Every structure is written in structure tokens, then in C-alpha cells.
Amino acid sequence: MKKTRIYFQFFVILFVLINILPSYSTQAAPLSADYPADPTADIDWSAGTSGVADIQSAFNNARTMENGQLGTSLPMLTLPNQSEWDALSDGKKVLWLINRERSDRGVNPLEDTELNVTSVAQTYADFLLDNDAWGHNEDGLDPWARLESNPAIQACHEFLGVSENLAVFVTSGSSIDLPIERAVYMWMYEDIGSGWGHRHAILWSSYTDNHGAVGSEGFLGVGRASGGPYQGPFSQPWLHAELIVMNVFDPCDSYSVPVATFSDVPLDHPLYTYIQALYDGGYTAGCSTSPLMFCPDTILDRAQAAVFMMRGQFGSSYVPPPAPWDTFADDWTGFEWAEPWAEGMWQQGLTGGCRQDPLMYCPETNLTRVEASVFGLRMKYGVNYEPPLASGKVFADLTDPTYWGAGWAEQAYADGLLQECGTDNETGKPFFCALDFVNRAWGAYMIVKAKDLLPAP
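This section reports on the structure supplied with the text. (Residues numbered from 1 in each chain as written. Predicted model: local features only at pLDDT ≥ 70, side-chain atom pairs only at ≥ 80, totals over all residues. Heavy atoms only, no water.)

### Looking at the overall build of the protein chain
Item 1. Scanning the protein chain from terminus to terminus reveals 14 helices and twelve strands.
Item 2. In terms of overall dimensions, the protein chain is globule-like: its C-alpha atoms have a radius of gyration of 24 Å, near the 23 Å expected for 457 residues.
Item 3. The principal-axis extent of the C-alpha atoms belonging to the protein chain is close to 75 × 50 × 40 Å.
Item 4. Considering the protein chain as a whole, with its 457 residues, one finds that 54% of them fall into the buried category.
Item 5. For the protein chain, contacts bridging at least 24 residues in sequence account for 70% of all contacts bridging at least 6.
Item 6. Of the roughly 18900 Å² of accessible surface on the protein chain, a fraction of 52% belongs to carbon and sulfur atoms. (Helix = DSSP H or I, 4+ residues; strand = E, 2+ residues; numbered from the N terminus. Rg over C-alpha atoms; globule rule 2.2 N^0.38 Å. Buried < 20%, exposed > 50% of the residue type's maximum accessible area, 1.4 Å probe, protein only. Contact = heavy atoms within 4.5 Å. Areas by Shrake-Rupley, 256 points an atom, 1.4 Å probe, with all protein chains shown as cover.)

Given below as C-alpha cells:
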């Protein structure tokens, strides 16, 4: 019998309430032997969107309702505590939820998240947002072709009848709560409009169990792109969007799982893809060579930031200008090594210093998010770039449009160079935390986004 590959997509408008627009599948659904029984009706999300307690409540309500519809006995979930959940990457959150859905229905769990499939998913999520596009073929490839364009996946995979789920949330506000968890929920429990195709992709049982430990098979990758404005499949642009791409693939028996480059940046680090892209592009050599380390949590002071940003702009082989270094009036005692790098920043138009009359660089001062916004935007658009005037309406904590950094912050956020640092419960607007400090991991994220360094899948 001929096997048919399928993929599904849906989209959601988030505006006070969630409205699911009609979903559709592109080809016929597979045989039911490939997945457990479907619910008889959609089961709406029944909880708030504040955190683990709401996630657990919504999923357990859905399981209770499904038990009633199908006469099954699905057990209730107990999620990790909030701090443990927050520490998981997006991919690990999806894996946790999906493997519980699979295991509790007698389907073998997926083996793990995996770097190559995650890279494919992240690159396509970024492509959809950056190109204001929506669909499975917008880059000229179908999902299987995207996966197989990755050399490691192309060289060693089994046939698999599913490959990709997409979700998009949009809002007229500035942030969306729990997009990862709610995407999985809707794929599982609110999918009757697409013939339960997203659910089938999650619960698909026909993997070839020949890789890794017996009883688990298949790798998962999740890409997430946040920003706006975004129109995609909608009739009008929306201020903010969350696009989620989930890919799965079935490795062959000899598939080699990638090993992390930096000993302190594991493959499931939330910013692994960006740190690795910075390294692969020759823009960082890490912070230690034996063992090779990146020091992702190290806060960047302005002295360190000068080195980090100049190498991020010009590559790890960049050499700062020779003496004299007499632009800044700082006392460089203890930071002598940083003075030529600060001079290079000045000459390239990447800094205006921290203080005027006399002009100073302040090497000992930690780099703030608003200062990083300036570095990132000028890295992206050129040293003469100036942002549009601020509105004062994007962030709950940056409401004064005359504040010097408001326009930089709003534009950096719109371009996805820096993410929000939280959400105001009263207004629903994001916080920017302009004076919070930037660590090396988020510095890597900003440089990779500014220079578009993520590799093609």
C-alpha cells in the first residue's frame, strides 16, 4: 500500500479571547492504526495562562473530558514545579508534554530533542516571521525537503509519514502567554477542524525502533519566533506574533547525535542555537579553551562588551587599532587591555561613550539592555542608524517617549534583537527592563539576530 505523507497547519488570533480560525489539511489523513483514537469534539482550554498550575489544570481537564468521550482512563498529569519548568527550553517543554501524551496512551515516547531538527525548525520559524509568511512551503521547500536539506538528517533517516506542525498566535498587545504549551494543547485537544491531523503528528506510532534505547524512537525540534508587526494569513497586520514550528524525524540506526561544542552550553540550553551559530561563524572563541567554555551567564561589563561586540561585528580574528588610544578620558587602570577595543568601538561608530564632557567609556560599568539595543541595531543597520521616534506605548516600564533609550528599545524589540523580560499583569504589556544587565548568552542571541547568522536548515 502506498504511504502518504501529511502535514497540517492552523492559526489562532489572540485578542482578549482566543479564536481558532478554520484549519485544514493538505492531503488525506493516515490510517487510524498509526495513532490512538481521537476525541469526539474539541475540548477548549479551561484555565488561566499564568504558569504551571494553569497548564496542569487545562491538560487534566482535557484528559478528564476525553476519558468521558472515549471511555478511557488517562491518568492526571503532575507537572514539574514552576522554577523547574521555567528552566526547560521550549523544545524540552514540548517533549515533556508530548511524551506524557504518548506514554499514557500506550505509544512509545520520542527519544529526545535534537540539534539538527531544532535548527531546521528554528530557521523556518524565523523565516516565516521575517518574511511575513505563513504555510509549509513558503521557502520553496516542503517540510521533508527542509529536513533533508540538513546533511546529517538527509544521510540517515527512516521513512516517516509526518514531519511538521505549525502554530501562530497574534495579538494587538505586546505579548502572548504560554504560546508553547498552548500550541501543544491545541494540537492535541482543539483540532477537529483539521481532522485531528496535528494530534496525529504528536501521537504517531509508526516509527522504526532501531536507534538508541529500545522503546523510544524519533527526535523532535521546536522553533519559536516572536515579534511583529506580522500579518501572515490574516487580513490585517498584528502588533505581535508568536510562531511555533515543530518538526519530527525518525533517525536510522547509525545516526550520530551531535555533541555540544562548549562544555557549559548543553544542547538543550535555551540559546544553544544562537551561541553555536556565533561560534560557527567565527565570531567567538569562547571564554576558556581548556575545557572550551562560553560562560553564557557571565554579565558583560562595558570593557568585555567592547571585545564581544567587535568580534561579533568583524569576527574572532579582529585586531583593535594600534595606539594612541586617546578618545576617552577614563582611568583605564585595571582595564588597560580594553582601551584599544573601546577605541575600535568608537572608530566604527558603535558607541558614543557613557558620558560627555569629558567623553568617557566607563569600562567598569555593566552593559544594560538599553545600551545593548544601540549596539545591536547599529550592527544590523549600520553605524549611522537612528531609530524611529518612540511611542511610549509598547512597554509597561518605558512609557516616556522622550527617554533617550525608548526608541532604541522599541525598535530592538520589534526586530527581535532582545525579548521582553516579563509581562505586566494589569496592562498585559511586556516589560523591557532597560537597566537590567546583559549576559554573554543574550549578547550572542542579539548578534546572531542582528547579523542573520542562523544557518539554512
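### Quick word on the state of the cysteines
Item 1. Applying the stated criterion across every chain yields a total of four disulfides.
Item 2. Here Cys 354 engages in a disulfide with Cys 362; their sulfurs sit 1.8 Å apart. Taking the sign of the S-S torsion, about 55° here, the bridge from Cys 354 to Cys 362 comes out right-handed.
Item 3. Given a relative accessible area of 6%, Cys 362 falls into the buried group.
Item 4. Residue Cys 421 pairs covalently with Cys 433 via a disulfide, S to S 1.8 Å. Judged by the sign of its S-S torsion, about 80°, the cystine formed by Cys 421 and Cys 433 is right-handed. (Disulfide = S-S within 2.5 Å.)

### A closer look at the pattern of salt bridges
Any two side chains of opposite charge can pair, given that their charged atoms come close.
Item 1. Evaluation of the coordinates by the stated rule reveals 17 salt bridges.
Item 2. Note that Asp 126 is salt-bridged to Lys 449, the shortest N-O span being 3.5 Å. Highlighted residues: Asp 126 in helix α4 (residues 115-130) and Lys 449 in helix α14 (residues 440-451), separated in sequence by 323 residues. Comparing Asp 126 with Lys 449 shows no difference in burial state: the two are buried.
Item 3. Across the pair Asp 415 and Lys 380 runs a salt bridge, and its minimum N-O distance is 3.5 Å. Placement of the pair is Asp 415 in the loop between α13 (406-414) and β11 (422-423) and Lys 380 in helix α12 (residues 369-381), with a sequence separation of 35 residues. (Salt bridge = Lys/Arg side-chain N within 4 Å of Asp/Glu carboxyl O.)

### Let's talk about the environment of Met 188
Item 1. Within the fold, Met 188 resides in helix α7 (residues 179-189).
Item 2. The contacts of Met 188, once residues within four sequence positions are left out, are Glu 101, Arg 105, Trp 196, Arg 199, Ile 202 and Leu 203.

### Looking at helix α9 (residues 272-280)
Item 1. Among the nine residues of α9, seven are classified as buried, and the element is accordingly described as predominantly covered.
Item 2. The complete set of buried residues in α9 reads Tyr 272, Thr 273, Tyr 274, Ile 275, Gln 276, Ala 277 and Leu 278.
Item 3. On its buried face, α9 is in contact with α4, α10 (302-314) and α14.
Item 4. In the stretch just after α9, Gly 282 is the one whose phi turns positive, near 80°.

### Focus on the packing of aromatic side chains
Item 1. All told, the structure shown has 25 aromatic pairs when counted by the stated rule.
Item 2. Residues Trp 45 and Phe 59 carry aromatic rings whose centres are separated by 6.4 Å and whose planes lie at 80° to one another, so their mutual orientation is edge-to-face. One end of the pair, Trp 45, is in the loop between β4 (24-25) and α1 (52-70); the other, Phe 59, is in helix α1, and 14 residues separate them in sequence.
Item 3. For Trp 45, a relative accessible area of 17% puts it in the buried group.
Item 4. For Phe 59, a relative accessible area of 0% puts it in the buried group. (Phe/Tyr/Trp six-rings, centres within 6.5 Å; stacked < 30°, edge-to-face > 60°.)

### Describing the environment of Leu 203
Item 1. Note on placement: Leu 203 falls in helix α8 (residues 197-203).
Item 2. With a relative accessible area of 1%, Leu 203 lands in the buried category.
Item 3. Between the alpha carbons of Leu 203 and Asp 126 there is a distance of 26 Å; along the sequence they are 77 residues apart.

### Some thoughts on the packing of α12 against α13
Two packed helices can be described by the angle between their axes and the distance between those axes.
Item 1. With their axes 9 Å apart at the nearest point, α12 and α13 run at an angle of 60° to one another. Taken together, α12 and α13 sit at an angle that is classed as oblique. Taken as a pair, α12 and α13 cross one another with a handedness that is left-handed. In this structure, α12 contributes Ser 373, Val 374, Leu 377, Arg 378 and Tyr 381 to the contact, and α13 contributes Trp 408, Ala 409, Gln 411 and Ala 412.
Item 2. Among the residues making up the contact of α12 with α13, the classes are represented as six nonpolar, two polar and one charged. (Axes fitted to C-alpha atoms, helices over the stretch in contact; angles between N-to-C directions. Parallel < 35°, antiparallel > 145°, perpendicular 65-115°, else oblique. Left-handed = near helix turned anticlockwise from the far one by under 90°. Nonpolar A, V, L, I, M, F, W, Y, C, P; charged D, E, K, R; others polar.)

Spatial relationships are all this shows, so hold off on functional conclusions.
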